[in-house]
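A look at the structure
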Amino acid sequence: MIKSRITKLLGIKYPVIQGGMAWLATAELAAAVANGGGLGLIAAGSAPGDWVREQVRKARSLTSKPFGVNVMLLSPYADEVMKVVIEEKVPVVTTGAGNPGKYMAALKEAGTKVIPVVNSVSLAKRLEKSGVDAVIGEGMEAGGHIGTETTLVLIPQLADALQVPVIAAGGIADGRGMAAALILGAEGVQIGTRFICAEECVVDEAYKAMVLKATDRSTVVTGQRTGHPVRVLKNKFSRKFLAAEEEGLAPNELEAMGAGRLAAAFHGDVEEGSVMAGQAAALVNQITPAAAIIEEMIGQCQALLGDSFSEG
Ligand code: TUI
């Protein structure tokens, strides 16, 4: 059985953490991943605190296992979402798109474990000093808002630089990727794109179909010029957006062009929406329950690694 400081820290069976995918990661998916032995997450995205509270309560009705909330720090509601997380005593918070430093003291006091997503070694070191419990190192293979380093080079650097455990994210969709991540020094993996195609993910079927159809050249990074690079599946909107970037449209106009596009894709407009997904979409070929995804991944990983990452 694969164990690490992450399974111990979070009280979970397998060191598999679900990605915090805005709109897509609801209580249904979070509970399914939790019941499957991983750490499920509700993604707050840009939703207000009340929505998050309702989702946390719903997840509690669907599972008795620990789960977390992913807080997207660019959200105008980040402050009130953190307040809800603390009031509801959510056991784990992962953060994205920013530095969670200003919330650390309050979260620690509430007993919430804090695990930020980082895409650089310097940020990870700063956050370690501020008392985070672990970090998720996310390579540019990931979907959504990304940095510039690849998972293959980021993870060993983080493992060398930090005392806290490292979770690898970006480009991992099966047991081979998980085994590779553990060998690079990670103690767990974060899986986003593959869980889009979990039965319990409530996103429109057209979004799932696009992930299933994806091949090695299906993703593209938009927003390089706005300072918010976002990996998406290629479609009419990504082509239009890239053309506008090429023409030198002002960053604020580009931001306006992108507003509401993830919601549109979530509801099924996969041509005019922003269909965020990682490069690992090419490795996703079927829709199965979240628990089956986890079992398959762990089985494959264990077959590759034997007892190397077991304990006791
Ligand atoms: O956050 C993500 N992925 C996301 S967030 C998102 S919503 C969004 N949509 C459009 C534009 C921007 C956001 C979609 N996908 N992944 C984790 C992640 N965090 N990737 C990169 C970062 C990050 C970036 C900067 C973490 C910290 C950071 O720190 C800046 C600082 O304050 O030092």
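The shown structure was predicted, so the numbers you read here are calculated from the model rather than taken from an experiment.

1. Observations regarding unusual backbone geometry
In this model, lysine 89 sits at a positive phi of 50 degrees, which is unusual for a non-glycine residue. Tracing the backbone shows lysine 89 in the loop between helix 4 (78–87) and strand 4 (92–96). Even without being glycine, alanine 97 reaches a positive phi, approximately 65 degrees. Tracing the chain through its elements places alanine 97 in the loop between strand 4 and helix 5 (104–109).

2. Digging into the sheet that holds strand 1 (residues 16–18)
Judged by pairing direction, the sheet is parallel, and its eight strands sit side by side in the order 1-9-8-6-5-4-3-2 without closing on themselves. Of all the strands in the sheet, just strand 1 and strand 2 (40–43) have a single pairing partner and so form its edges. Within the sheet, the average angular offset between the axes of one strand and its neighbour, ignoring direction, is 25 degrees. Both strand 8 (residues 166–169) and strand 9 (residues 188–191) contribute to a ladder of three bridges, which runs parallel. From the neighbouring strand, alanine 168 faces strand 9, where its bridge partner is valine 189. Across the sheet, helix 7 (residues 151–161) lies against strand 5 (113–118), strand 6 (135–138) and strand 8, angled at about 175 degrees from strand 8, the strand it touches most.

3. Observations concerning the packing of aromatic side chains
For the structure on display, the rule yields two aromatic pairs. Centroid distance tryptophan 23 to phenylalanine 266: 5.4 Å. Interplanar angle 45 degrees. Geometry classified as tilted. Within this pair, whereas tryptophan 23 is found in the loop between strand 1 and helix 2 (27–35), its partner phenylalanine 266 is found in helix 13 (residues 261–266), the two being separated by 243 residues in sequence. By relative accessible area, which is 40% here, tryptophan 23 ends up partly exposed.

4. Quick notes on the pairing of strand 4
Extensive coverage of strand 4 is indicated by the burial of five of its five residues. Neither face of strand 4 is open: one carries Val92, Thr94 and Gly96, the other Val93 and Thr95, and all of them are buried. With helix 4 bridging strand 3 (residues 67–72) and the parallel strand 4, this β-α-β connection has right-handed handedness. Sheet analysis places strand 4 next to strand 5, joined by four bridges and oriented parallel. What sits directly across from threonine 95, in strand 5, is proline 116. A crossover connection joins strand 4 to the parallel strand 5 through helix 5; in handedness this β-α-β unit is right-handed.

5. Some thoughts on the environment of alanine 124
Along the polypeptide, alanine 124 turns up in helix 6 (residues 121–129). Given a relative accessible area of 0%, alanine 124 falls into the buried group. Once the C-alpha coordinates of alanine 124 and isoleucine 183 are considered, the two residues, 59 residues apart in sequence, prove to be 20 Å apart. For alanine 124, the contacting residues outside a window of four places in its chain are Val118, Leu158 and Leu162.

6. Description of the domain arrangement of the chain
Domain assignment breaks the chain into domain 1 (5–202 + 283–305) and domain 2 (215–276). Put simply, the middle of domain 1 and the middle of domain 2, counted by C-alpha atoms, are 24 Å apart. In this complex, domain 1 contributes 13 residues to the contact, which on the side of domain 2 involves eleven residues. Roughly 980 Å² is buried in total at the junction of domain 1 and domain 2, and carbon and sulfur atoms are behind 70% of that figure. When residues of domain 1 are sorted by the area they lose upon contact with domain 2, Trp23, Gly144 and Ile146 head the list and together hold 49% of the total. Counting across the domain 1 and domain 2 interface gives zero salt bridges. Counting the contacts that link domain 1 with domain 2 gives five residue pairs in polar contact (both at pLDDT 80 or more). Residue composition of the side of domain 1 that touches domain 2, by class: nine nonpolar, three polar and one charged.

7. Re the packing of helix 2 against helix 3 (residues 49–62)
In contact at an axis separation of 9 Å, helix 2 and helix 3 are set at 35 degrees when each is read in the N-to-C sense. In this structure, helix 2 meets helix 3 at a crossing whose hand is right-handed. Taken together, the residues of helix 3 that come into contact with helix 2 (itself represented by Ala27, Glu28, Ala31 and Asn35) are Gln55, Lys58, Ala59 and Leu62. The class makeup of the residues in the contact of helix 2 with helix 3 is four nonpolar, two polar and two charged.

8. Some thoughts on the sheet that holds strand 7 (residues 144–145)
The three strands are arranged 7-11-10 in an open sheet whose pairing can be described as antiparallel. Each end of this open sheet is capped by a strand with a single partner; those strands are strand 7 and strand 10 (219–222). Here four bridges tie strand 10 to strand 11 (residues 230–233), and the two strands are oriented antiparallel to one another. Along strand 11, the bridge assignment pairs threonine 222 with valine 230. Where helix 11 (residues 236–246) meets the sheet, it contacts strand 10 and strand 11, and its direction lies at approximately 40 degrees from that of strand 10.

What counts and what doesn't
Residues numbered from 1 in each chain as written. Predicted model: local features only at pLDDT ≥ 70, side-chain atom pairs only at ≥ 80, totals over all residues. Heavy atoms only, no water. Helix = DSSP H or I, 4+ residues; strand = E, 2+ residues; numbered from the N terminus. Pairing = 2+ DSSP bridges. Axes fitted to C-alpha atoms, helices over the stretch in contact; angles between N-to-C directions. Contact = heavy atoms within 4.5 Å. Phe/Tyr/Trp six-rings, centres within 6.5 Å; stacked < 30°, edge-to-face > 60°. Buried < 20%, exposed > 50% of the residue type's maximum accessible area, 1.4 Å probe, protein only. Right-handed = clockwise from strand over helix to strand, strands pointing away. Domains from an automatic or database assignment. Buried area = accessible area lost by both parts, 1.4 Å probe. Salt bridge = Lys/Arg side-chain N within 4 Å of Asp/Glu carboxyl O. Polar contact = N/O pair within 3.5 Å; in protein donor to acceptor, adjacent residues only side chain to side chain. Nonpolar A, V, L, I, M, F, W, Y, C, P; charged D, E, K, R; others polar. Left-handed = near helix turned anticlockwise from the far one by under 90°.

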